[in-house]
Amino acid sequence: MVIARLAGSGCAFPARLEQDALWDEFFAPRLGHSRVAERLFWAAGVRHRHGVANPLEEDVSQWSTSQRMERFIADAPALGTKAVGAALADAGLDASEVGMFAVASCTGYSTPGLDIRVASALGMPDDVQRLLIGHMGCYAALPGLGAVSDYVVARRRPAVLLCLELTSLHAQPTTGDLSQVVTHALFADAAAAVVLRPTGPGPGVVDIAARTDPATAGHMRWEVTDQGFRMGLSPEVPAVLGRHVGPVVTRLLDEHDLAVSDIGAWAVHPGGPRILDTVEHRLELPPGALGVSHGVLRERGNCSSATVLVILDELLRGGQPETGKPAVMMAFGPGLTLYTALLSRPD
């Protein structure tokens, strides 16, 4: 089987935010020091995260969508350039060799877009093929990975995928809406990139699988409003994903004569602690199997589409899968949609 190889990865983060300071100095006073809101805030499982907009320094919650988009294009290109540059260096590849550059984001738009700006800043060739993946939400990295992998296999040229999200620019006015307390506690900013090549020693992208449950589409929403993009999250999301994660993963692995016990590493998008607990339970994973996902949630927060690539970067730099076994990536988002990817063990 001809497969694209993950040759390099890189991440970039804006300023670090301390969760306890955000609660004590910003959210608690605005929520009347509500004990219920406080429990929900800390139940998100985040202790530190990153953001271009720090509420303690500037409150963007009253900004118009136009102002937020202007800020996105002011801050995003440098962050994306840093992440892609790091991934290219990790792969030992010059930007002039890139044949395709794909960018996923659901938090900012402009034309000329982030893809053109980052490609130009790094010196990618003027005939580089570009793909912009917008508004798919937290799972966008995996269809993006599938697209660039297909390009690498078909064209036998290197490709780059960048996922960049600045969720801090979409902070909403602080109200008693408990679902917004969760989103204010959970989401963060990051840029993460991977480089794929037609040959090499890295893990191979073997297969991509997806399932969408349109009947539950209202459980997770990312709505464009006059005051930025507003997230809507239902507490039923973990239960819905719990119904699908087992069948989707089993089918993906069955097609390659594999079982859950054959997988040496799991990069699972931490939509929240309950989602990670649901995946662990439904797949009967051994203790610690999602340790990196839990760690990224705790120290980085939920960075939307970039998160699963941040987890992958940490797994690769930690030498996992240590046993030389295959790995599985998994992410969730609006739809409700579940995406999975099977990676072969490194050669």
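The residue numbers shown here count from 1 along each chain, following its written sequence. The predicted nature of this model means local features are confined to residues of pLDDT at least 70 and side-chain atom pairs, given and counted, to a pLDDT of 80 or more, with totals for whole chains, interfaces and linings taken over all residues. Calculation of side-chain values draws on the structure's entire complement of heavy atoms; hydrogens and water are dropped beforehand.

*Asks:* Any chance you could explain the overall build of the protein chain here in plain terms?
*Replies:* A tally of regular secondary structure across the protein chain gives 10 helices and 13 strands. At 19 Å, the protein chain has a C-alpha radius of gyration in line with the 20 Å of a compact globule built from 347 residues. With the C-alpha coordinates aligned to their principal axes, the bounding extent of the protein chain is approximately 60 × 45 × 35 Å. A total of 347 residues make up the protein chain; the buried ones form 56% of that total. Residues are treated as being in contact if the distance between any of their heavy atoms lies within 4.5 Å. Partitioning the intrachain contacts of the protein chain with sequence separation of at least 6 by distance along the chain shows that 80% fall at a separation of at least 24. Per-residue accessibility takes into account occlusion by the displayed protein chains alone, with areas from the Shrake-Rupley method and a 1.4 Å probe. Total accessible area computed for the protein chain in this model is approximately 13700 Å², and 50% of it derives from carbon and sulfur atoms. Secondary structure follows DSSP: runs of H or I at least 4 residues long count as helices, runs of E at least 2 residues long count as strands, and numbering of each begins at the N terminus. Every radius of gyration here is taken over C-alpha atoms, with the globule rule written as 2.2 Å times N^0.38, N being the number of residues. When accessible area is computed with a 1.4 Å probe and restricted to protein chains, residues below 20% of their type maximum are described as buried, those above 50% as exposed, and intermediate ones as partly exposed.

*Asks:* Before we go on, may I ask you to explain the pairing of strand β7 (residues 189–197) in this structure?
*Replies:* Looking along a regular strand, one sees the side chains alternate between the two faces of the sheet. With eight of nine residues buried, β7 is to be regarded as a mostly interior element. Strands were regarded as paired on the criterion that DSSP finds at least two bridges between them. Here strand β1 (residues 4–12) pairs with β7 via seven bridges, running antiparallel. When the sheet's bridge partners are listed, Gly 8 is paired in β7 with Val 195. Across eight bridges, the pairing between strand β6 (residues 159–166) and β7 is antiparallel. Its bridge partner lying in β7, Leu 161 is registered against Val 194.

*Asks:* Could you clarify how one ought to interpret the pattern of salt bridges in this entry?
*Replies:* Pairing is possible between side chains that carry opposite charge, provided their charged atoms lie close to one another. In what follows, salt bridge is the name for a side-chain nitrogen of Lys or Arg lying within 4 Å of a carboxyl oxygen of Asp or Glu. Here the structure, examined in full by the defined rule, presents 12 salt bridges. Between Arg 16 and Glu 18 there is a salt bridge, with its nearest N and O atoms 3.1 Å apart. Across the pair Asp 115 and Arg 130 runs a salt bridge whose closest N-O atoms are separated by 2.8 Å. Of this pair, Asp 115 sits in helix α4 (residues 114–122) while Arg 130 sits in strand β5 (residues 129–134), and the two are 15 residues apart along the sequence. Where salt bridges share partners, they join Arg 16, Glu 18, Arg 298 and Glu 299 into one cluster.

*Asks:* Sorry if this is basic, but what is going on with the environment of Leu 342 here?
*Replies:* Looking at the element boundaries, Leu 342 is found in strand β13 (residues 337–343). For the pair Leu 342 and Ile 208, spaced 134 residues apart in the sequence, the C-alpha separation amounts to 6.5 Å. Sequence-distant contacts of Leu 342, defined by excluding residues within four places in its chain, comprise Gly 204, Val 205, Val 206, Asp 207, Leu 252, Leu 253, His 256, Leu 258, Ile 263, Pro 326, Ala 327 and Val 328.

*Asks:* I'm lost on the packing of helix α1 (residues 19–30) against helix α2 (residues 35–43) in this one. Help?
*Replies:* The description of two helices packed together rests on the angle between their axes and the distance between the axes. Packing of α1 against α2 leaves a shortest axis separation of 11 Å and a crossing angle of 155°. With respect to α2, the element α1 is oriented roughly antiparallel. Every pair of crossing elements has a handedness; the one defined by α1 and α2 is right-handed. Contact residues: Gln 19, Asp 20, Trp 23 and Phe 27 in α1; Ala 37, Glu 38, Phe 41 and Trp 42 in α2. Lines fitted to the C-alpha atoms define the axes, with helices restricted to the stretch that makes contact. Angles between their N-to-C directions range from 0 to 180 degrees. Just so you know how the angles are binned, under 35 degrees is roughly parallel, over 145 roughly antiparallel, 65 to 115 roughly perpendicular, and the rest oblique. A crossing counts as left-handed when the near helix is turned anticlockwise from the far one by less than a right angle, and as right-handed when that turn is clockwise.

*Asks:* Mind showing me how you'd approach unusual backbone geometry here?
*Replies:* Glycine aside, residues mostly have negative phi, and peptide bonds are mostly found in the trans state. The residue after Thr 111, namely Pro 112, is reached through a cis peptide bond having omega 5°. Cis geometry is adopted by the peptide bond preceding Leu 336, which originates at Gly 335 and carries an omega value of -25°. Mapped onto the fold, Leu 336 is located in the loop between β12 (327–333) and β13. Of note, Arg 156 is a non-glycine position whose phi angle comes to about 60°, a positive value. Locating Arg 156 in the fold gives a position in the loop between α5 (141–155) and β6. Taking relative accessible area as the criterion, Arg 156 reaches 41% and is therefore assigned partly exposed.

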